[in-house]
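# A look at the structure
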Amino acid sequence: MLTIQSAQDWMVKANEYMQENKAYLTELDQAIGDSDHGINMSRGFQEVVKKLEQSSYDDVATVFKDVAMTLMSKVGGASGPLYGTAFLKLSMAVKGKDTVDKGDIAAGLDAAAQGIQQRGKSTTGEKTMVDVWVPVVSWWNEQSEIDAADLEKTVEEAMESTKPMKATKGRASYLKEKSVGHIDPGSASSYYIFKSLAEVLA
Ligand code: ADP
Ligand code: MG
Ligand code: MG
């Protein structure tokens, strides 16, 4: 279901969304953060694609390991280490597998979502990217097969669900009640990551 090629295609698409929506992500972070999320994501994914283009791979796990290492080293702020951890956990979960099927991806995304929460000391309902990753994992486990349109809808709803939330983690938490009414920037970038995944799985 995920091959070395489609794993790379996933990152190429994610990068396209990050570049196209750089200004939008920055706008979201301007409302409740420090206005750098678009810059962080566009730089990080640009570097990811560059790294993947320069390398050749024998397995999917190594693709994700390079994604993780690149995001950790090239993206500052909270999101770099958090996304780095997510892709590192995903890499570890598919290590040694010749084919990465629906169940492997489920296990990988579950490990990734847990990794983000451990690293961020966060949980659902705190208006962070966790509010996208956790519902996606739950949804994934309920499906007998992955419908791309349904995945995208699920992710979009999860991102929208952060709007009425009050932030209790990250920079947005400094704003307390004033964080209400805005989509969390990291949930929006996670939406692009999963929208890209839905597209390569379609
Ligand atoms: P910074 O806040 O350091 O400038 P970014 O703007 O790149 O970093 O990323 C901010 C995003 O990171 C938030 O919108 C949120 O989704 C996510 N985030 C911040 N802190 C945490 C945390 N403790 N746990 C999970 N996600 C977090
Ligand atoms: Mg920021
Ligand atoms: Mg910052």
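Everything discussed here concerns the structure shown above.
So, here is what we can say about the structure in this document. (Residues numbered from 1 in each chain as written. Chains lettered and ligands numbered in written order. Predicted model: local features only at pLDDT ≥ 70, side-chain atom pairs only at ≥ 80, totals over all residues. Heavy atoms only, no water.)

As a further point, take the packing of aromatic side chains. A ring pair, where both rings are aromatic, is described by two values, the distance of the centres and the angle of the planes. With the rule as written, the count across this model stands at seven aromatic pairs. Ring centres 5.8 Å apart and planes at 15 degrees place the aromatic pair Tyr17 and Tyr192 in the stacked group. In this pair, Tyr17 sits in helix H1 (residues 4–20) while Tyr192 sits in helix H9 (residues 185–201), placing the two residues 175 residues apart along the sequence. Measuring from ring centre to ring centre gives 5.4 Å for Tyr191 and Tyr192, while their planes differ by 55 degrees; the resulting arrangement is tilted. Classification of Tyr192 as buried rests on a relative accessible area of 8%. (Phe/Tyr/Trp six-rings, centres within 6.5 Å; stacked < 30°, edge-to-face > 60°. Helix = DSSP H or I, 4+ residues; strand = E, 2+ residues; numbered from the N terminus. Buried < 20%, exposed > 50% of the residue type's maximum accessible area, 1.4 Å probe, protein only.)

This brings us to the pattern of salt bridges. By the definition in use, this model includes eight salt bridges. A salt bridge links Lys169 to Glu126; the nearest nitrogen and oxygen atoms lie 3.0 Å apart. Here Lys169, found in the loop between helix H8 (148–160) and H9, pairs with Glu126, found in the loop between helix H6 (102–120) and helix H7 (130–142); they are 43 residues apart in sequence, far enough to count as distant. Here Lys153 ties to Glu157 by a salt bridge, and the two come within 3.8 Å at their closest N and O atoms. (Salt bridge = Lys/Arg side-chain N within 4 Å of Asp/Glu carboxyl O.)

Bound to the magnesium ion (ligand 2) on the protein side are Asp29 (OD), Asp34 (OD) and Asp36 (OD), at distances that span 2.0 to 2.2 Å. Of note, the donors binding the magnesium ion (ligand 2) are all from one chain and are spaced D-x4-D-x1-D. Here the magnesium ion (ligand 3) and the magnesium ion (ligand 2) are spaced 3.5 Å from one another, each receiving a donor from Asp34. Judged by its relative accessible area of 8%, Asp29 is buried. Residue classification places Asp34 among the partly exposed positions, given a relative accessible area of 32%. (Donors = N, O, S within 2.8 Å, 3.2 Å for Na, K, Ca; no water.)

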